[in-house]
Structures are given as structure tokens and as C-alpha cells.
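# Per-entry structural report
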Amino acid sequence: MQVGSATAGAASEAGLGAGASLKQEAVPVPIVQKPSGIESSKRLAAYTAVDHYIKPEHRTSFQSSRVDQIVGIGSGSTVPYVVDRIAQQGKEVNQGRVFVPTGFQSRQLIVAAGLTLGDVDEYPSIDVTIDGADEVDRELNLIKGGGACHLREKVIAEAAETFVVVADYRKNSEFLGTNYPPGVPIEVVPFAYGKVLSAVQKTFGAPKATLRMAVKKAGPVVTDNGNFVIDAPFEREKMLDPASVLKQTKLLTGVVEVGLFCNMAKAAYFGNEDGTVTIRRADGTVEEVAGAA
Ligand SMILES: O=C[C@H](O)[C@H](O)[C@H](O)COP(=O)(O)O
């Protein structure tokens, strides 16, 4: 994906959707070049979800709030398309909204798009949070944390009245653990990692669990919260009941958060190769719609 930036005027030349503000605004708007392949599926999902949940007519349901809408912005490679679509609506529409990030990356995206940053301590109730996922099962349980952001992501998702997932079609599974081989990310405080790793390997059904190592740094990945991450591919049988895995693992002292999000998402949007988007909702309904271009 190539991302650049320009003023909103130039962005309109880049083909903004109907309803976008065409006023000359000196606000940098990220331009995501039209992608292909998997990136195109991510974009379809993200654009369609934004069009359904973040519109000018959507007003915050928190009466005391002084803002129009409070939006949580997740992390990962699908989320830039979420921010891109929001920025396309223009400065005027966005000036009444506040955006709460789930980590360093989404904070940067919000700032680069000229959107207003908020934090969850100031906005403990969020209208809608849109985030990616590593895998989604048929009941909308999720594996998250491939980017080591799942602690803050869970806080921002829990704070939201509506939590929506956006992903490409590869993430759409019957059961968790089918299409995401690294397993469940577990954030741990550094001094406890050895004990937690050993417990997860020996008694919790993830013998191949590993400490996640950094790529362009010697040593382990360090999260935005200064912690380590263990990746635990739990045995198939265990993953048939992700809520139990979550409960058991979270009780291990030293575990900060587990990248299993159970019974939280209201809907999941999956971008498909044919340009459609499959929407699966928590009430069990499934719909296929034409993806937003
Ligand atoms: O920690 C990272 C997050 O949970 C991401 O939302 C997740 O890894 C999905 O990322 P992507 O959109 O890049 O597949």
C-alpha cells in the first residue's frame, strides 16, 4: 500500500466519494493509492464499514458529550483505509468528531489525517470503534494482537457502544486457530514471561508457544506498554471454546491481556476478491453487499 498526503483539494482530484467536502482546506488528507489483491479486499471492508457507521448524520449517543461522534481507531494494516475513508469526508464533517487511538500507529494515522485526537481517559464512552483482526470465527470471536496492540485495542473496543471489525476474506474462519498459525498473542510483564511461557506450554495446551522476537531489533518485541508478547498456538480442541482459553490464560499472574476478544464485536466486514463485502453480525445474520469503492 502506498500512502501519501495532500490537501483536501488535491484529494478531491484523487477521486473522493460523493458527499466529501470539496472546500479548499489546508488539512493534510492521506491518499491511499487504489490497491490490488489483498489490499483491495482490506480497503473494501474498511470503506464499507465507515460508510455504514461513521456518517455526518451519526450523532453521539452520549448526551453530555460536546462532540458529534466519538470514534475508536484500531491498529494494523487494514485500519489506514478506515482513516482514509473518514478523512475523505472532509474537514467540516470531521471537525466535530473525536478519534481515540489504540496505540502509536493509529495515533500517527489520526494526526497525519488532520483529525482530532482524544484519549480514553477523557472519552471513556466511545460511540463506535472500528478495528482489524487476525482471525474471526463464526460467532465473531476474534484473535487480535498480531501487531502487539491487543491490550489497548480491547480497552477501546470495550469502551465502545458498537465494535466493528474490518478484514480481508482470509480472516473469515469457522473456528479460531484455522487460518492464523502464530496463535493467540498474550501480553505479559517482562519479568514474568518465563513462568507464563512455561505454564502455557506445559499445562495450558500450547506446547509450541514462543516469545515473540523483534525483526529489526535484537531481543523481544516490546509493546506500546513496555511488555512482551507470547504467541500461543493452542491445540484445536481448546480453541473450540475460546472464552475458556481466555479466562484460564488471563488468570495466570503476569499476563496483562490475552488477544482473544469474545462476544464483543457487533459486526465483521470481510472484503472479498470479487468486490463484494460479507457482513456477519452478532445476531447471526449474514449479508453480502457491493463493496464501497
Ligand atoms: O495488534 C494488532 C491488531 O490486533 C490488528 O488489528 C490485527 O493484527 C490485524 O491486523 P491487519 O489488519 O494488519 O491484518
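Presented here is an overview of the structure given in this document. (Residues numbered from 1 in each chain as written. Predicted model: local features only at pLDDT ≥ 70, side-chain atom pairs only at ≥ 80, totals over all residues. Heavy atoms only, no water.)

### A few points about the site of the ligand
Here is the rule we go by: Put simply, a residue is near a molecule or strand once any heavy atom of it comes within 4 Å of that molecule or strand. Polar contact is the term for a pair of N or O atoms within 3.5 Å; when the atoms are in protein, one must be able to donate a hydrogen and the other to accept it, and sequence-neighboring residues count only if both atoms are side-chain atoms. Values of accessible area rely on a 1.4 Å probe in the Shrake-Rupley scheme; residue burial ignores everything except the protein chains shown. As a working rule, the residues Ala, Val, Leu, Ile, Met, Phe, Trp, Tyr, Cys and Pro are called nonpolar, Asp, Glu, Lys and Arg charged, and the rest polar, with Gly in that last group.
Neighbouring the ligand are 16 residues, the closest being Ser77, Thr78, Asp134, Glu153 and Lys171. Separating an oxygen atom of the ligand from a side-chain N or O atom of Lys171 is a distance of 2.5 Å. For the ligand, the accessible surface in isolation is 370 Å², of which the surrounding protein chains cover 91%. Looking at the shell around the ligand, its residues break down into three nonpolar, eight polar and five charged.

### Considering the pairing of strand 15 (residues 276-281)
Stated formally: Relative accessibility decides the category of a residue: with a 1.4 Å probe and only protein chains considered, values under 20% of the type maximum give buried, values over 50% give exposed, and everything between is partly exposed. Strands are runs of DSSP state E lasting at least two residues, helices are runs of H or I lasting at least four, and both sets are numbered from the N terminus onward. Following DSSP output, two strands are said to pair if at least two bridges run between them.
Extensive coverage of strand 15 is indicated by the burial of five of its six residues. Relative to strand 15, strand 14 (residues 267-271) is paired through five bridges, and the arrangement is antiparallel. By the bridge assignment, Phe270 is partnered in strand 15 with Thr278. Counting the residues between successive antiparallel strands, the hairpin from strand 14 to strand 15 contains four residues, one of them, Gly275, with a positive phi of roughly 90 degrees. In the sheet, strand 15 pairs with strand 16 (residues 286-290) via five bridges, with the strands oriented antiparallel. Across the sheet, Ile279 pairs through a bridge with Glu287, a residue of strand 16. Between the end of strand 15 and the start of strand 16, which pair antiparallel, lie four residues, with Gly284 showing a positive phi angle near 95 degrees.

### A closer look at the pairing of strand 11 (residues 228-232)
In terms of burial, strand 11 is a largely internal element, five of the five residues being buried. With burial as the criterion, each face of strand 11 is covered, one bearing Phe228, Ile230 and Ala232 and the other bearing Val229 and Asp231. Relative to strand 11, strand 9 (residues 184-188) is paired through five bridges, and the arrangement is antiparallel. When the bridges of strand 11 are listed, Val188 appears paired with Phe228. Taken together, the two bridges between strand 10 (residues 210-211) and strand 11 define a ladder with antiparallel strand orientation. For Leu211, the partnering residue across the bridge sits in strand 11 and is Ile230.

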